[in-house]
Structures are given as C-alpha cells and as structure tokens.
Amino acid sequence: AAAAAVGAGPGAAAQPAVSPMPGRVVKVSVRTGDRVARGDPVAVLEAMKMEHAVLAPCDGVVGGVAVGVGSLVATGEELVWVEGGGGAAGATGGD
C-alpha cells in the first residue's frame, strides 16, 4: 500500500482542507493555482443524502487537489492543500 503520510501534499507550508466525515465528493470548486480566502468552499461532500461544504483552512493559493467528483473519502482525508497560510497575504486576524 502507498504511504499517505506526512509529505503527501505539495509542500511543508501547505495546510490541508480535510474531510469532516466519510462521503462522496460531488463538487470540486478549485484548481491548483487558484487563490482562495479562509472559509471559501473548496469542495462539497455528500453523506447520508446531505451536502457539506469543505472550506479553505487559510488564505493562500491552492497547491494541490487530491480528489475529483465521485471520489469516496474517509474522515480526515486531505482533499485540497492551500499554501501561504501566514505569508505575504496579510495579517490573519481572528473572527
């Protein structure tokens, strides 16, 4: 089996958007290179006939997308990586 551990994403500074539950990916809203803001939807999962948006964990640029429409994912699976969580994008204040 392939090792899907640390380093599976595009870079050490990348923050993953992870699946909060097992389900099927019904929409991927971003592509590698897209700029996103913290809280932007990056994918939509369907579980138990309900849809759940997976949100960007930080401001930055999408460094990689690990899933496509129809992919089955497990809880905690990394779906999208966002690079630039605390760099030149500006100050990240609390809500």
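Look up a bit, the structure's there.
Each chain has its residues counted from 1, running along the sequence as written. Local features in a predicted model are, by the rule used here, given only for residues with pLDDT of at least 70; side-chain atom pairs are given and counted only at 80 or more, and totals for whole chains, interfaces and linings are based on all residues. Working from all heavy atoms in the structure, the side-chain values ignore hydrogens and water.

> Mind showing me how you'd approach the side chain of Ser-19 here?
For Ser-19, the location among the structural elements is in the loop between strand 1 (15–18) and strand 2 (23–28). Any N or O atom pair separated by 3.5 Å or less is treated as a polar contact, with the protein-specific requirement of one donor-capable and one acceptor-capable atom, and with residues adjacent in sequence counted only for side-chain atom pairs. Looking at Ser-19, its side chain comes within polar contact range of the main-chain oxygen of Ala-74, at 3.5 Å. Contacts were defined at the residue level, with two residues in contact if any of their heavy atoms lie within 4.5 Å. Aside from chain neighbours lying at most four places away, what touches Ser-19 is Leu-45, Val-73, Ala-74, Thr-75, Gly-76, Glu-77 and Leu-79. Secondary structure counts use DSSP, requiring at least four H or I residues in a row for a helix and at least two E residues in a row for a strand, with both numbered from the N terminus.

> Got a minute to help me understand the pairing of strand 4 (residues 41–47) in this structure?
Both faces of the sheet carry side chains from a regular strand, because those side chains alternate between them. The element strand 4 is largely enclosed, with a buried count of 5 among its 7 residues. In this description, strands pair whenever DSSP reports at least two bridges between them. Across 4 bridges, strand 2 lies against strand 4 in antiparallel orientation. Each bridged residue has a counterpart across the sheet, and for Val-28 the counterpart in strand 4 is Ala-43. With 6 bridges joining them, strand 4 and strand 5 (residues 50–55) adopt antiparallel strand pairing. Along strand 5, the bridge assignment pairs Glu-46 with Glu-51. As consecutive antiparallel partners, strand 4 and strand 5 are separated by 2 residues, and within that stretch Met-48 has a phi angle of approximately 50 degrees, a positive value. Exposure is judged per residue with a 1.4 Å probe applied to protein chains only, and the accessible area is read against the type maximum: over 50% gives exposed, under 20% gives buried, and values in between give partly exposed.

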